[in-house]
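# Coordinate analysis (summary)
Listed below are the residues making up each chain.
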Amino acid sequence: MEYHYPIDPDWSTHEVIDVVEFFQLIEEAYEKQVKASKVMEQYKKFKAVIPSKAEEKTLFKQFEKQSSYVPYQVVKAAKESDGSQNISLKNELGDFTEF
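Keep in mind that this is a model prediction, so the values were computed, not measured. (Residues numbered from 1 in each chain as written. Predicted model: local features only at pLDDT ≥ 70, side-chain atom pairs only at ≥ 80, totals over all residues. Heavy atoms only, no water.)

### Considerations on the overall build of the protein chain
Keep this limit in mind: Strands are runs of DSSP state E lasting at least 2 residues, helices are runs of H or I lasting at least 4, and numbering of each runs from the N terminus. Per-residue accessibility, obtained with a 1.4 Å probe over protein chains only, is compared with the maximum for each type, and a residue is labelled buried under 20%, exposed over 50%, and partly exposed between these values. By the convention used here, residues are in contact when the closest approach between their heavy atoms is within 4.5 Å. Computed with a 1.4 Å probe, the accessible areas rest on the Shrake-Rupley method; for each residue, only the protein chains presented here act as cover.
Each helix and strand counted, the protein chain has 4 helices and 3 strands in total. The buried share among the 99 residues of the protein chain stands at 41%. At a minimum sequence separation of 6, the contacts of the protein chain that also span at least 24 residues come to 58%. Carbon and sulfur atoms make up 49% of the accessible area of the protein chain, which amounts to about 6000 Å² in all.

### Focus: helix α1 (residues 13–31)
To keep it simple, the criterion reads: In this analysis, the expected span of each helix is defined as 1.5 Å times one less than the number of residues it contains.
The end-to-end C-alpha distance of α1 is 26 Å, a good match for the 27 Å that 19 residues give at a rise of 1.5 Å each. Packed against the buried residues of α1 are β1 (34–35), α2 (36–49), α3 (53–67), α4 (71–80) and β2 (86–88).

### With respect to α4
Just so we agree on the cut-off: It is the directions from the helix axis to the C-beta atoms that the arc portrays.
Within α4, burial applies to P71, V74, V75, A77 and A78. Considered in projection along α4, the buried side chains sweep an arc of 160° and stay on one side of the axis. Contacts from the buried residues of α4 go to α1, α2, α3 and β2.

### Side note on the confidence of the model for the protein chain
Rule in force here: The quantity known as pLDDT measures the predictor's confidence residue by residue, on a range of 0 to 100.
Here the protein chain averages 88 in pLDDT, and 90% of its residues register 70 or above. Confidence over residues 92–99 falls short of pLDDT 50; this stretch has 19 contacts with residues more than four positions distant or in other chains.

### A look at the packing of α2 against α4
Here is the rule: Under this scheme, a helix contributes an axis fitted over its contacting stretch, all axes are lines through C-alpha atoms, and angles between N-to-C directions fall in the 0 to 180 degree range. Small angles under 35 degrees read as roughly parallel and large ones over 145 as roughly antiparallel, with 65 to 115 read as roughly perpendicular and the rest as oblique. The crossing is said to be left-handed when, going from far helix to near helix, the turn is anticlockwise and less than a right angle, and right-handed when the turn is clockwise. Ten residues, namely Ala, Val, Leu, Ile, Met, Phe, Trp, Tyr, Cys and Pro, are considered nonpolar, four, namely Asp, Glu, Lys and Arg, are considered charged, and the remaining ones, Gly among them, are considered polar.
The N-to-C vectors of α2 and α4 enclose an angle of 120°; their axes lie 9 Å apart at closest approach. It follows from the interaxial angle that α2 and α4 lie oblique. Of the two possible hands of crossing, α2 and α4 adopt the one that is left-handed. Along the contact surface, α2 presents A36, V39, M40 and Y43, while α4 presents V74, V75, A78 and K79. For the contact of α2 with α4, the per-class residue count stands at 7 nonpolar, no polar and 1 charged.

Dropping the structure here:
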């Protein structure tokens, strides 16, 4: 897929890397599967860059519009798991499957 990550030009290189790595995990959750603990670890780094819930929602919507992947669903699935599970959102309905 070709699309652009929602990036703020005012972020440092390290912040851009943390945000991009978070969105890459979202992609991985939809295309393959990803460990829930890894999602939560990267989400914490994302939140260090984006502490505002409103800004988070804006970036999530921008990413969803570009990719059709819903970051909220991945984070929700990761929070609901025990952390050791793999999560995957491969199906069309956006529900998650745990392995």
